[in-house]
Amino acid sequence: MTKPAIELPVEREINTSQMKVSDEVAIQITGMNKWFGTFHVLRDIDITVNRGERIVVCGPSGSGKSTLIRCINRLEEHQSGQIIVDGTELTSDLKNIDKVRSEVGMVFQHFNLFPHLSILENCTLAPIWVRKTPRKEAEEIAMHFLEKVKIPEQALKYPGQLSGGQQQRVAIARSLCMKPRIMLFDEPTSALDPEMIKEVLDTMIALAEEGMTMICVTHEMGFAQAVANRVIFMDQGQIVEQNEPREFFNNPKSERTQLFLSQILGH
Amino acid sequence: MSDTSAPSVAFVRDQMIPEQTPPLLEKGAIKWLRENLFSGWLNTILTLASLAVIWWSLAAIGPWLLNTVWNAESLRACRTILDGASGACFAVINDRWHQLLFGFYPTQHYWRPVLTFVLMIVALAPVLFTGLPRKALFFSAAYPFIAYHLLWGGSLWFPVGAALGFVAGYVAFVLVRKVNGLAAIFAAVLAPVFWWMFMAGPFDSVMSSVMPLGLEFIRSDRFGGFLISLVIGVTGISLSLPLGILLALGRQSDMVLLKSVCVIFIEFIRGVPLITLLFTASLLLNYFLPPGTSFDLILRVIIMVTLFAAAYMAEVIRGGLAALPRGQYEAADALGLDYWKAQRLIIMPQALKISIPGIVNTFIGLFKDTTLVVFIGLLDPIGLSNAIRADTNWNGIYWELFIFIGALFFVFCFGISRYSMYLERKLKTDHR
């Protein structure tokens, strides 16, 4: 049986010079459990993420991978165990939650841009109201990141006037404007046409090249192989296998992982 | 193949076709008529039938309207002038318009409600049109106190004292906020209450004895006509929107106590006819209040009408909140915005925009419902039309009075409706 090639849909060389994993712990999850009603959606999750790591979380739908990363900025509440983000433990204390949320950027599957605000206003809103940045400075920061995601010319338009790929890049820029130390991606390319997937992945790769700590829930195995330093496979609310990408794709240990990989890559 | 009779596939145009005008039947008024009025035999019949109805109505009402008597002292004088012909007697409006507008407000003080009305337009303009200078909003904030003083009069220091209560609340909030956020909210509520209960009275009497300023006091029972409709309507509209927003948020809250209070309030108010609440305001409230307190009837009615509209408003806004995708809340949370900032910057601007038609519905309904106060003895335009008919001079006149009252209400309600359409167009940014 020959292994199908896993290809990165983006044609570019990846510059790994800045991609360094430090010893400093960014996120520590220990013995975390979560239930939706009586449904045990996350079971005994233990993950340590060091600063500079690029982690891809994959698994079948309903495996709890989105819920997992949504717990990291408390969009979902966990019922037992411990989550420490950047030295702050997530409890019901609102102050801690707001602190973590302003340090952790999040990109959603459906972009969730604010349709009543222009692109620029989308990007400056949180810096102005949460970080208390002066408007002028916030606009400069926003333009800087909009240039980085290659759409500065759209700054005065509204989200409804942009294509899906452009909207997702705005969403990334909006998160970056808060100067986050960690970025979470919740299936950022799943709602996009193939052509637009490229431009979003390109932006994410650029981010990884700068050494951003990233956790991505995605089915883009090419991206995982090229950029990630670790792949986590989840099923039925638990971590089934994790490994560095080459080993993970070429030599999956668990039967469940093998089945998943053959389904996702086997045609 | 050598079959020469088959059309050749190759084609080259050697001359471009110039632009031409469409055929006569496909342009301008003829096209419009054909498409909209005579597109089929059924439509043609309906069009002709409608024309007949319009013609018949105009033929019936037109002469009556055109043959109007504007100057007469009584209905009898009108009929003498008409001499048996069919005609309207708008002389009643000419004779009594000041009563329909101001009720029994003293004639020499008519300038006060007129000035109040003009200032209302000035105060509303910066609220309604964001293009106007924002500094003008300070006048809008001061307007309720100015309007109160102009309409009712009395000591100038009474509304000033009331306004100072809000200032006290703000100062207390700013001072205590440095210590604790929650305590600051309590301070912001308690400080004005304390001021109004213990300080505002002495402040009024001391200032009045030092510097007696103020307009002549006009009792509430002199108010009437459109003055009363506008006072109740405008106050009710401007108070019911913020109250409705708070109730809608309370109903969505996770705090069980707060949520149940809001749900019970909304369901109770919606379950009771407005007229019942008005009777409660006019009759029952006096039994519950401590003896000797006189609580102005117009004020009581305003409170009831506001609560009534706020309950409906809350449900309309809840509909807008429910229509927002969950992702908007999540994106606001993920950016680190706290509850109030997220509500103010992300959720409410969108929810209110979605709710505009429902909100305007409630506003217009409230404004028209002000005519119900006739049942508790306030002389709104309808009440005055009865009073005018009670005069032997005008006994028996109906249509002319109601047409005038209806036209005035229509002007206001149509204005509100047009403004809401303008607002919807202006806020349309989603490009769906």
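Calculation rules
- Residues numbered from 1 in each chain as written.
- Chains lettered and ligands numbered in written order.
- Predicted model: local features only at pLDDT ≥ 70, side-chain atom pairs only at ≥ 80, totals over all residues.
- Heavy atoms only, no water.
- Helix = DSSP H or I, 4+ residues; strand = E, 2+ residues; numbered from the N terminus.
- Rg over C-alpha atoms; globule rule 2.2 N^0.38 Å.
- Buried < 20%, exposed > 50% of the residue type's maximum accessible area, 1.4 Å probe, protein only.
- Contact = heavy atoms within 4.5 Å.
- Expected span 1.5 Å × (residues − 1).
- Arc of directions from axis to C-beta.
- Disulfide = S-S within 2.5 Å.
- Pairing = 2+ DSSP bridges.
- Axes fitted to C-alpha atoms, helices over the stretch in contact; angles between N-to-C directions.
- Salt bridge = Lys/Arg side-chain N within 4 Å of Asp/Glu carboxyl O.
- Buried area = accessible area lost by both parts, 1.4 Å probe.
- Polar contact = N/O pair within 3.5 Å; in protein donor to acceptor, adjacent residues only side chain to side chain.
- Nonpolar A, V, L, I, M, F, W, Y, C, P; charged D, E, K, R; others polar.
- Patch = residues over 30% accessible without salt bridge, like charges linked within 9 Å, V, L, I, M, F, W, Y side chains within 5 Å.
- Areas by Shrake-Rupley, 256 points an atom, 1.4 Å probe, with all protein chains shown as cover.

## Focus: the overall build of chain B
- Along its length, chain B carries 16 helices and two strands.
- Taking 2.2 N^0.38 as the reference for a compact globule, 432 residues should give roughly 22 Å; the C-alpha atoms of chain B span a radius of gyration of 30 Å, well beyond that estimate.
- Oriented by its inertia axes, the alpha-carbon framework of chain B measures out at about 115 × 80 × 40 Å.
- Evaluated residue by residue, chain B yields a buried proportion of 36% over its 432 residues.
- Here the analysis covers contacts within chain B between residues at least 6 apart in sequence; of these, 68% occur between residues at least 24 apart.

## Quick notes on helix α4 (residues 135-148) of chain A
Residue and element names in this part refer to chain A.
- Taking 1.5 Å of rise per residue, 14 residues should cover 20 Å, and α4 covers 20 Å from first to last C-alpha, within 8% of that figure.
- Among the residues making up α4, those that are buried are Ala 138, Ile 141, Ala 142, Phe 145 and Leu 146. For α4, the buried positions fall inside an angular range of 135 degrees around the axis, keeping them on one side. α4 presents Lys 136 and Glu 140 as exposed residues on the side facing more than 90 degrees away from its buried surface.
- Residues of α4 that are buried sit in contact with α3 (119-129) and α5 (164-176).
- Backbone geometry just after α4 places Lys 150 at a positive phi near 70 degrees.

## Section: unusual backbone geometry
All names here are of chain A.
- Positioned with a positive phi, Asp 86 is a non-glycine residue whose angle comes to about 55 degrees.
- Relative to the assigned elements, Asp 86 resides in the loop between β4 (80-85) and β5 (88-89).
- A positive phi angle, close to 45 degrees, is found at Glu 187, a residue other than glycine.
- As for its placement among the helices and strands, Glu 187 is situated in the loop between β7 (182-186) and α6 (194-209).

## Concerning the state of the cysteines
All names here are of chain B.
- Inspection of the entire model under this criterion finds one disulfide over all chains.
- Through a disulfide, Cys 78 is tied to Cys 89; the S-S separation comes to 1.8 Å. The chirality of the disulfide connecting Cys 78 with Cys 89 is right-handed, given an S-S dihedral of about 80 degrees. One end of the pair, Cys 78, is in helix α3 (residues 75-82); the other, Cys 89, is in the loop between α3 and α4 (91-102), and eleven residues separate them in sequence. The exposure classification of Cys 78 matches that of Cys 89, with both residues buried.

## Some details on the sheet that holds β7(A)
Residues and elements named next belong to chain A.
- Here six strands make up an open sheet; going across it, the order is β6-β7-β8-β3-β9-β10 and the pairing mixed. Edge strands, defined here as strands with exactly one partner in the open sheet, are β6 (104-107) and β10 (238-243). Across this sheet, the average inter-strand angle for adjacent strands is 20 degrees, counted without regard to direction.
- Examined bridge by bridge, β7 and strand β8 (residues 213-217) share five bridges and lie parallel to one another. Among the inter-strand pairings, Ile 182 is bridged to a residue of β8, identified as Thr 213.
- Packed on one face of the sheet, α5 meets β6 and β7 and runs near 170 degrees to β6.

## Points about the pattern of salt bridges
- Taken as a whole, this structure holds 25 salt bridges over all chains when the rule is applied.
- Measuring nitrogen to oxygen at the nearest pair gives 4.0 Å for the salt bridge that ties Asp86(A) to Arg181(A). Taken together, the residues Asp86(A) in the loop between β4 and β5 and Arg181(A) in the loop between α5 and β7 connect sequence positions 95 residues apart.
- Its relative accessible area of 38% is what places Arg181(A) among the partly exposed residues.
- Counted as one network, the salt bridges with shared partners bring together Arg251(B), Glu267(B), Arg270(B), Glu315(B) and Arg318(B).

## Let's talk about the interface of chain A and chain B
- On the chain B side, the residues contacting the 24 residues of chain A number 21 residues.
- Both faces combined, the contact of chain A with chain B buries some 2,000 Å², and carbon together with sulfur accounts for 63% of it.
- Put simply, chain A and chain B have two salt bridges between them.
- Between Arg101(A) and Asp333(B) there is a salt bridge; the shortest N-O distance is 4.0 Å.
- At the surface where chain A touches chain B, the tally comes to six residue pairs in polar contact (both at pLDDT 80 or more).
- Elements that contribute at least two residues to the side of chain A that touches chain B include exactly α2 (94-103), β6 and α3 of chain A.
- Residues that form the side of chain A that touches chain B fall into these classes: 13 nonpolar, five polar and six charged.

## Description of a nonpolar patch on the surface
Residues and elements named next belong to chain B.
- On the surface, a nonpolar cluster with roughly 1,300 Å² of combined accessible area is contributed by Phe 166, Leu 182, Ile 185, Phe 186, Val 189, Leu 190, Val 193, Phe 194, Trp 196, Met 197, Phe 198 and Met 199.
- Tallying contributions element by element places helix α8 (residues 181-210) first for the nonpolar patch, with eleven residues.
- Along the polypeptide, Phe 166 turns up in helix α7 (residues 157-177).

## What about the pairing of strand β1 (residues 25-36) of chain A?
All names here are of chain A.
- Looking at chain direction, β1 and strand β2 (residues 39-50) are connected through eight bridges and run antiparallel. Its bridge partner being in β2, Phe 36 is matched across the sheet by Phe 39.
- Counted between consecutive antiparallel strands, the loop separating β1 from β2 contains two residues, among which Gly 37 sits at a positive phi close to 65 degrees.
- When β1 meets β4, the two strands line up antiparallel, connected through five bridges. Bridge assignment links Ile 29 to a residue of β4, and that residue is Ile 83.

## Considering the sheet that holds β5(A)
Residues and elements named next belong to chain A.
- Spatial ordering of the open sheet is given by β2-β1-β4-β5, a layout of four strands whose pairing is antiparallel. Only two strands of the sheet have a single partner each, and these edge strands are β2 and β5.
- Pairing of β4 with β5, which is carried by two bridges, proceeds in the antiparallel orientation. When the bridges of β5 are listed, Ile 84 appears paired with Glu 89.
- Against the sheet, helix α1 (residues 65-72) makes contact with β1, β2 and β4, and its axis sits at roughly 120 degrees relative to β1, the strand it touches most.

## Structural notes on the side chain of Arg74(A)
- Position of Arg74(A) relative to the elements: it lies in the loop between α1 and β4.
- What Arg74(A) contacts, discounting residues up to four positions off in sequence, is Leu90(A), Thr91(A), Ser92(A), Ile97(A) and Arg101(A).

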